[in-house]
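The chain contents come next:
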Amino acid sequence: MFLEDVKVIENIQIADNYYLMRVEGKKIPQHSKPGQFFMLQCKDNSKVLRRPISLHNVDGNILEFYYEALGKGTKEFTQLSIGETINVQGPLGNGYDTDLKGKNIVVIGGGMGMAPIKYLIKDLKDNNDITFIGGGRNAGAVKIIEKFDFENIQLKVATDDGSVGIKGNTVDILKEVLKDQHIDIIYTCGPHPMMEAVAKVAQENNIRCQISLEERMACGIKACVGCSILTKKGMKKVCYDGPVFESTDIVDVDVVDPNGGCK
Amino acid sequence: MSNRLNISFLGKKLNNPIMTASGCFGYGLEYKNYFNPNELGAAVLKGITMEPRNGNPGTRIAETPSGMLNSVGLENPGIEEFKKLIPSIKKELNIPLVANINGKILEEYIEIAKEVEQIEEIEMVELNISCPNVKDGGMAFGANPEMARLVTREVRKVLSKPMIVKLSPNVTNIVEIAKIVEEEGANGVALINTLLGMAVDIRKRKPILGNIMGGLSGPAVKPVALRMIYQVSQAVSIPVLGMGGISSTEDAIEFIMVGASAISLGTGMFGNPTLPIEIKKGLEKYCIENNIENISEIVGAAHPDGGAAYRNRLGGNNEIKG
Ligand SMILES: Cc1cc2nc3c(=O)[nH]c(=O)nc-3n(C[C@H](O)[C@H](O)[C@H](O)COP(=O)(O)OP(=O)(O)OC[C@H]3O[C@@H](n4cnc5c(N)ncnc54)[C@H](O)[C@@H]3O)c2cc1C
Ligand SMILES: Cc1cc2nc3c(=O)[nH]c(=O)nc-3n(C[C@H](O)[C@H](O)[C@H](O)COP(=O)(O)O)c2cc1C
Ligand code: FES
C-alpha cells in the first residue's frame, strides 16, 4: 500500500467546479484497479479527515484525479500549484471486475461518477465491446469526456438541460441500448438515485451489474467501521468490501440497519 | 533502541506508552501496510459485545472544525466471531492485546467479561462505560456514579485480568466517577471517550448523522481531555490511559505531563496513518534532549507539585529502569 507525498504536475479546471489533477510519485503502485480510490490529505490541520477520491487514471508513475470542488477539502485541492506536494494513500478498496474477454459491456458514468470511468474503459476496451453512456446536469458536467480515449467505443451522452447530447438521463439511454443489443454486463458510477435506477433496469433484464457506492469515510481501510452498509451478505465496508458492489448484493442503496441502534 | 520509553502499565511491560484508541484501529492488523503494529506499546481493539451488532444507520461520520463526529454505534461481529479472530491476530502481533468490552445491560457486561477472561491472548481489558452511540447501556453507565460503581464491581468479580475503566467525559464531575471505579477495583482509567455532539447539513436542513447525535473526537476535544486527566490523576492512585485529540509528539507530551502514564491514538491516525511511529521517535528524541532516563519521570509533570505525589502513589509501577 502506498502512502507518499506526491508532486502535483497539473491541476486544471475542466469546467465549473470540475478539476483534473495529475500527480507524480516515486513508487506509485502498478497493481491498481479501476474503481479503487485514494485518500488525499488536506494540508490545513483543522481538516482531520482525508478525502476519498477515485483513481481517474494511472499512467506509469502518474496518477490522475478528477474531482469536484464542493466543500472545504476539495476547494483546498484546487489551490495546489504545480510542484507542490500532496500526501496520498491508496489504492484502496476493491475495483470493478475487469477480467473479461469478448463481452458486450455498457459503462455508465453520471456527473462526478465519471471519475473512475476513464481508467475503467482503458482497462476493458481492448478485449470487449463497449458502449459508454455519460450523463450530467449540464455541459460542464460531461466536459471531461473529451479527454477520454474513444477508439472503438460507442459513445452516448445525455444532459439534464440538453446542452450536450440528448436531453434526458443515462437510464433512458440505457433502456434504448438494451432494446437493440444484447448486453452481458453493466458497470456504473454516479449519484445514489442513478445507481438504484440502473440496478433496477439491470435486474429486470437479468444483466450482471456492478455499481460504485459512496459513504463518508474516516480511515478508508476498515479500521473505524464508519462506512458500513447493510448488504444481503451482512454488514460490508464501502472502503474495503466496496466501493464497487454487485448490484444484487445491495438491499437498498440508502439503508443501513432499518432497526437502527443496537440490534 | 534505549529503554527510555519502556514502561510498566498495569503490571505489564510495554515497549513504549503508545497504544491505539478502541474503534480506530480495527482488530489490530488494519494498519500493517503503513507501519509495523508491533512497534506499538499495546493494541486496544475495536469494542465488542456479546451478540453481533449492525450499529447505527448511515451517515455515521461527519467532519467538524478540528474534529469529527461518529455514530458507529458499536457495530461488531460479537464475541464468538472475536474469539475466532484473536488467534490469527496474535500470530502477527506480539504486543499486549487489549479488549474493549461493552454491554447494554449489566448482565451483558458480566457475560462478556467472563468470555474475555477465558481468551488467553487478551492481556488487558478496557471496560467501556462511556459509548455515547448506543441507546441503552454505554454512556448511561458512565454518566451515573452509582451505575459506574455497580458495573465495575460486578465485572471485577468475574475478571482477574488488569482492567482499565473507560470513562465518559459527558459528566459534570469526572473525578467522582474515577474515584468510584478505583474503589471498585479498576487497575487504571481511560479518558476520554467522545463528547456528545451534532452537525447539520444546511442544504438538506437535516442532521448529518443518521443517528442525529454522535461522539466528537480529534484535536477539538484535546483541551477537555487534558483538563480531565489533570483532575483525575491528582485524585486517584491508579494509572491513566490518556486520549482525545493526540496528533503530534507535543500533544503526547502534554498528555503525559497532565498525568497520563500511557496514551491512545485515535482520530489522529485517520489523517496520518504513521502517527504512532512519528510519536515514538518524537518521544525518544524528547527524552534524549531533556536528559530524561525514562518517560515515566514526567508523568504528571504539570501538576502543581511536578507530579511527585502522583508518581509516588503509582509507585515504581509505571517505570522500568534499564
Ligand atoms: C470511494 C469514493 C470515491 C470518490 N471519488 C471521487 C472522485 O473521484 N471525485 C470527486 O470529486 N469526488 C469523489 N468522491 C466524493 C468526495 O470524496 C467528496 O466530494 C469529498 O470528500 C468532499 O469533501 P469536501 O472537503 O469538499 O467537502 P466537505 O463537506 O467540506 O467535507 C466534510 C467531510 O465530509 C466528507 N464528505 C463530504 N461529501 C462526501 C461524499 N460525497 N462522499 C464521501 N465523503 C464525503 C469529506 O470527505 C469530509 O470528511 C468519492 C467518494 C467516495 C466515498
Ligand atoms: C470511529 C470511532 C469509533 C470508536 N469506537 C469506540 C469503541 O468501540 N469503544 C470505545 O471505547 N471507544 C470508541 N471510540 C472512542 C475512541 O477510542 C477515543 O476515546 C476517542 O475517539 C478520543 O480519542 P481521539 O480524539 O484520539 O480519537 C471511537 C472513536 C471513533 C472516532
Ligand atoms: S472508512 Fe473506516 S471502515 Fe470504512
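Keep in mind it's a predicted model, so treat the numbers as computed, not measured.

Participant: How should the overall build of chain B be read in this particular structure?
Facilitator: Within chain B, the secondary structure is distributed over ten helices and 16 strands. The globule rule puts the C-alpha radius of gyration for 322 residues at 20 Å, and the 18 Å found for chain B is close to it. With the C-alpha coordinates aligned to their principal axes, the bounding extent of chain B is approximately 55 × 45 × 40 Å. When burial is assessed residue by residue, chain B has 63% of its 322 residues classed as buried. When contacts within chain B are restricted to residue pairs at least 6 apart in sequence, long-range pairs at least 24 apart make up 71% of them. Here chain B has roughly 11,800 Å² of accessible surface; of this, 50% comes from carbon and sulfur atoms. Where the 33 positive side-chain charges of chain B centre and where its 35 negative ones centre are 3 Å apart.

Participant: Explain the overall build of chain A to me, please; I cannot follow it from the model alone.
Facilitator: Within chain A, the regular secondary structure consists of five helices and 16 strands. For 263 residues, the compact-globule estimate of 2.2 N^0.38 gives 18 Å, and chain A sits close to it at 18 Å. Counting only C-alpha atoms and orienting by the principal axes, one finds that chain A spans roughly 50 × 50 × 35 Å. When contacts within chain A are restricted to residue pairs at least 6 apart in sequence, long-range pairs at least 24 apart make up 64% of them. When the accessible surface of chain A is split by element, carbon and sulfur atoms take 45% of a total near 11,100 Å². Separation of charge centres in chain A, based on 32 positive and 35 negative side chains, amounts to 4 Å.

Participant: What exactly am I supposed to notice about the environment of B:Glu146 here?
Facilitator: Residues and elements named next belong to chain B. The residue Glu 146 is located in helix H4 (residues 145-158) in this model. C-alpha separation for the pair Glu 146 and Val 181, spaced 35 residues apart in sequence, amounts to 9.8 Å. Separated by 3.2 Å, the side chains of Glu 146 and Arg 149 make a polar contact.

Participant: Would you mind going over the interface of chain B and chain A with me for this structure?
Facilitator: Reports often express the size of an interface as the amount of accessible area lost when the parts come together. Taken together, the contacts link 39 residues of chain B with 33 residues of chain A. Summed over both partners, the interface of chain B with chain A buries about 3,000 Å², with 57% contributed by carbon and sulfur atoms. Among the residues chain B hides against chain A, the three largest losses belong to B:Tyr34, B:Asn54 and B:Glu63. Together they make up 23% of the total. There are three salt bridges connecting chain B and chain A. Salt-bridge contacts for B:Glu75 lead to A:Lys237; the nearest nitrogen and oxygen are separated by 2.7 Å. Where chain B meets chain A, there are eleven residue pairs in polar contact (both at pLDDT 80 or more). Of the residues forming the side of chain B that touches chain A, the biggest block, four residues, is contributed by strand E5 (residues 61-64) of chain B. By residue class, the composition of the side of chain B that touches chain A is 16 nonpolar, 14 polar and nine charged.

Participant: Explanation requested: the site of ligand 2 in the structure shown.
Facilitator: Neighbouring ligand 2 are 23 residues; B:Ser22, B:Lys166, B:Gly218, B:Gly245 and B:Thr267 lie closest to it. Per-site note: the chains with residues close to ligand 2 are chains A and B. Contact between ligand 2 and B:Gly218: an oxygen atom at 2.8 Å from a main-chain N or O atom of the residue. Between B:Gly245 and ligand 2, the recorded distance is 2.6 Å, taken from a backbone N or O atom to an oxygen atom. Across the complex, the protein chains shield 98% of the 610 Å² of accessible surface that ligand 2 would expose by itself. Per-class residue counts for the shell around ligand 2 are seven nonpolar, 14 polar and two charged.

Participant: Just checking my understanding: could you explain the pairing of strand E15 (residues 234-237) of chain A for this structure?
Facilitator: Two faces make up the sheet, and in a regular strand the side chains alternate between them. Relative to E15(A), strand E14 (residues 228-231) of chain A runs antiparallel, the two being bridged by four bridges. Directly across from A:Thr231, in E15(A), lies its bridge partner A:Gly234.

Participant: Can you walk me through the sheet that holds strand E9 (residues 129-136) of chain A in this structure?
Facilitator: Residue and element names in this part refer to chain A. Spatial strand order, E11-E10-E9-E8-E12-E13-E16: seven strands in an open sheet with mixed pairing. Of all strands in the sheet, those bounded by a partner on one side alone are strand E11 (166-167) and strand E16 (244-246). Across two bridges, the pairing between strand E10 (residues 153-159) and E11 is parallel. If you follow Ala 158 over to E11, its bridge partner there is Ile 166. Where helix H2 (residues 117-124) meets the sheet, it contacts strand E8 (104-110), E9, E10 and strand E12 (185-189), and its direction lies at approximately 170° from that of E8.

Participant: Which parts of the structure should I look at to understand the site of ligand 1?
Facilitator: Taken together, 23 residues lie around ligand 1, and A:Pro52, A:Gly71, A:Gly73, A:Thr74 and A:Glu214 are the ones closest in. More than a single chain frames ligand 1: its nearby residues are located in chains A and B. Measuring from an oxygen atom of ligand 1, one finds a backbone N or O atom of A:Glu68 at 2.8 Å. With respect to ligand 1, the backbone of A:Gly73 contributes an N or O atom lying 2.6 Å from an oxygen atom. Relative to its unbound accessible surface of 830 Å², ligand 1 loses 88% to contact with the protein. Residue assignment for the shell around ligand 1 shows that the elements contributing at least two residues are strand E4 (51-54), strand E6 (62-68) and helix H1 (72-78) of chain A. Looking at which element gives the most residues to the shell around ligand 1, the answer is E4(A), with four residues. Classifying every residue of the shell around ligand 1 by side-chain character gives eleven nonpolar, four polar and eight charged.

Participant: Could you clarify how one ought to interpret the environment of A:Tyr119 in this entry?
Facilitator: Residues and elements named next belong to chain A. Relative to the elements of secondary structure, Tyr 119 occurs in helix H2. Residues Tyr 119 and Glu 64, 55 residues apart in the sequence, show an inter-C-alpha distance of 9.5 Å. Those residues in contact with Tyr 119, other than ones at most four positions away along the chain, are Ser 32, Lys 33, Pro 34, Leu 55, His 56, Asn 57 and Val 58. A polar contact is formed between the side chain of Tyr 119 and the backbone oxygen of Ser 32, at a distance of 2.9 Å.

Participant: Explain the sheet that holds E5(B) to me, please; I cannot follow it from the model alone.
Facilitator: As a general point, the strands of a sheet are linked pairwise by backbone hydrogen bonds and lie either parallel or antiparallel. Residues and elements named next belong to chain B. Spatially, four strands are ordered E5-E6-E14-E11 in an open sheet, and the strand pairing comes out antiparallel. In the strand order of this sheet, the two ends are held by E5 and strand E11 (195-198), each with one partner. Across this sheet, the average inter-strand angle for adjacent strands is 40°, counted without regard to direction. Here four bridges tie E11 to strand E14 (residues 213-217), and the two strands are oriented antiparallel to one another. Counterpart to Met 198 in the pairing with E14 is Met 213.

What counts and what doesn't
Residues numbered from 1 in each chain as written. Chains lettered and ligands numbered in written order. Predicted model: local features only at pLDDT ≥ 70, side-chain atom pairs only at ≥ 80, totals over all residues. Heavy atoms only, no water. Helix = DSSP H or I, 4+ residues; strand = E, 2+ residues; numbered from the N terminus. Rg over C-alpha atoms; globule rule 2.2 N^0.38 Å. Buried < 20%, exposed > 50% of the residue type's maximum accessible area, 1.4 Å probe, protein only. Contact = heavy atoms within 4.5 Å. Areas by Shrake-Rupley, 256 points an atom, 1.4 Å probe, with all protein chains shown as cover. Lys, Arg positive; Asp, Glu negative; His and termini not counted. Charge placed at Lys NZ, Arg CZ, Asp CG, Glu CD. Polar contact = N/O pair within 3.5 Å; in protein donor to acceptor, adjacent residues only side chain to side chain. Buried area = accessible area lost by both parts, 1.4 Å probe. Salt bridge = Lys/Arg side-chain N within 4 Å of Asp/Glu carboxyl O. Nonpolar A, V, L, I, M, F, W, Y, C, P; charged D, E, K, R; others polar. Near = heavy atom within 4 Å. Pairing = 2+ DSSP bridges. Axes fitted to C-alpha atoms, helices over the stretch in contact; angles between N-to-C directions.

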